[in-house]
Amino acid sequence: QDAATYASWGVEYVKMDWCNVVIDDVKLDPHVAFKNMSLALDKTGKKIWLNSCEGGIMKPWIWMHEYANSWRTGHDHHDNWDSTSVVIETNSELGVYAGPGGWNDPDFLMTGGEGCDPPVDFAHCPGQTDIEYRTEFSMWC
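What counts and what doesn't
Residues numbered from 1 in each chain as written. Predicted model: local features only at pLDDT ≥ 70, side-chain atom pairs only at ≥ 80, totals over all residues. Heavy atoms only, no water. Helix = DSSP H or I, 4+ residues; strand = E, 2+ residues; numbered from the N terminus. Buried < 20%, exposed > 50% of the residue type's maximum accessible area, 1.4 Å probe, protein only. Areas by Shrake-Rupley, 256 points an atom, 1.4 Å probe, with all protein chains shown as cover. Arc of directions from axis to C-beta. Contact = heavy atoms within 4.5 Å. Core = buried A, V, L, I, M, F, W, Y, C linked by side-chain atoms within 4.5 Å. Pairing = 2+ DSSP bridges. Phe/Tyr/Trp six-rings, centres within 6.5 Å; stacked < 30°, edge-to-face > 60°.

S.K.: Looking at this structure, I do not really get the overall build of the protein chain. What am I missing?
M.R.: Check the secondary structure of the protein chain and you find five helices and six strands. Element order for the protein chain, N to C, with α for helix and β for strand: α-β-β-β-α-β-α-β-α-β-α. Each of the 141 residues in the protein chain was classed as buried or not, and the buried ones make up 37%. Here the protein chain displays about 8,900 Å² of accessible surface, and carbon together with sulfur accounts for 55% of that area.

S.K.: What exactly am I supposed to notice about helix α5 (residues 130–140) here?
M.R.: Think of an α-helix as 3.6 residues a turn; residues three or four steps apart then line up on the same face. Those residues of α5 that sit buried are Glu132, Tyr133, Glu136 and Trp140. Down the axis, α5 shows its buried residues gathered within 100° of arc, on one side only. Among the exposed residues of α5, those oriented more than 90 degrees off its buried face are Asp130, Ile131, Arg134 and Ser138. The elements touched by buried residues of α5 are α4 (81–91).

S.K.: What exactly am I supposed to notice about the nonpolar core here?
M.R.: Generally speaking, nonpolar side chains in soluble globular proteins are found buried as a group. Within the largest apolar cluster, 18 residues are counted, with the highest numbers of intra-cluster contacts made by Met16, Phe34, Met37, Leu41, Leu50 and Met64. Every element with two or more residues in this core is listed here: α1 (2–9), β1 (13–17), α2 (30–43) and α3 (60–63). The element best represented in this core is α2, accounting for four residues. Setting aside residues no more than four positions away along its own chain, Phe34 makes contact with Met16, Trp18, Leu50, Ser52, Cys53, Glu54, Trp63, Met64 and Tyr67.

S.K.: Could you clarify how one ought to interpret the pairing of β1 in this entry?
M.R.: For a regular strand, the rule is simple: side chains alternate between the two faces of the sheet. Only one face of β1 is buried: it carries Val14 and Met16, and the other face, with Tyr13, Lys15 and Asp17, is open. One ladder, built from five bridges, connects β1 with strand β4 (residues 49–53); its direction is parallel. When the sheet's bridge partners are listed, Tyr13 is paired in β4 with Trp49.

S.K.: Even after reading the chapter, I still don't get the packing of aromatic side chains, so can you show me in this structure?
M.R.: Using the criterion set out here, one finds three aromatic pairs in the structure. Between the aromatic rings of Tyr6 and Trp9, the centroid separation amounts to 6.3 Å while the plane-to-plane angle is 55°, which identifies the pairing as tilted. Residue Tyr6 and its partner Trp9 are both found in helix α1; the two are separated by three residues, about one turn of the helix. For the pair Phe34 and Trp63, a centre-to-centre distance of 6.5 Å together with 55° between the ring planes defines the contact as tilted. Note that Phe34 is positioned in helix α2 and Trp63 in helix α3, a separation of 29 residues in sequence. Exposure remark for Phe34: the relative accessible area of 0% places this residue in the buried category. Taken together, the aromatic side chains of Phe34, Trp63 and Tyr67 make up a single cluster linked through ring pairs.

So, in structure tokens, the structure goes:
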């Protein structure tokens, strides 16, 4: 039902977030959920990009090709070099799993931050140097 609704709205990109999904004390199987959504999107007849997000916990780069067009490769990225360097290191070995139809998703770019003018939460102020931001941007390209 969701997939048909997305298609009727003209949606072209669906991000399915699967971070720590537990219902009634049972951890659900992302393999089943992503397969079901993939089949439902295919059934609409529309080309809809499916991005999976389960935090890279179950190594989606190995098995997600069957269901999604892209998959998160790790935990949330934050605006500091420690976080950025972990994302770069994690993704440095995953290029072999990416290619037409299936891409590693290192999470969103933090380049530039949100600025530091009130009422912005100061935890989101630019937290990296220009060189660190350029390095981050280069890796994402």
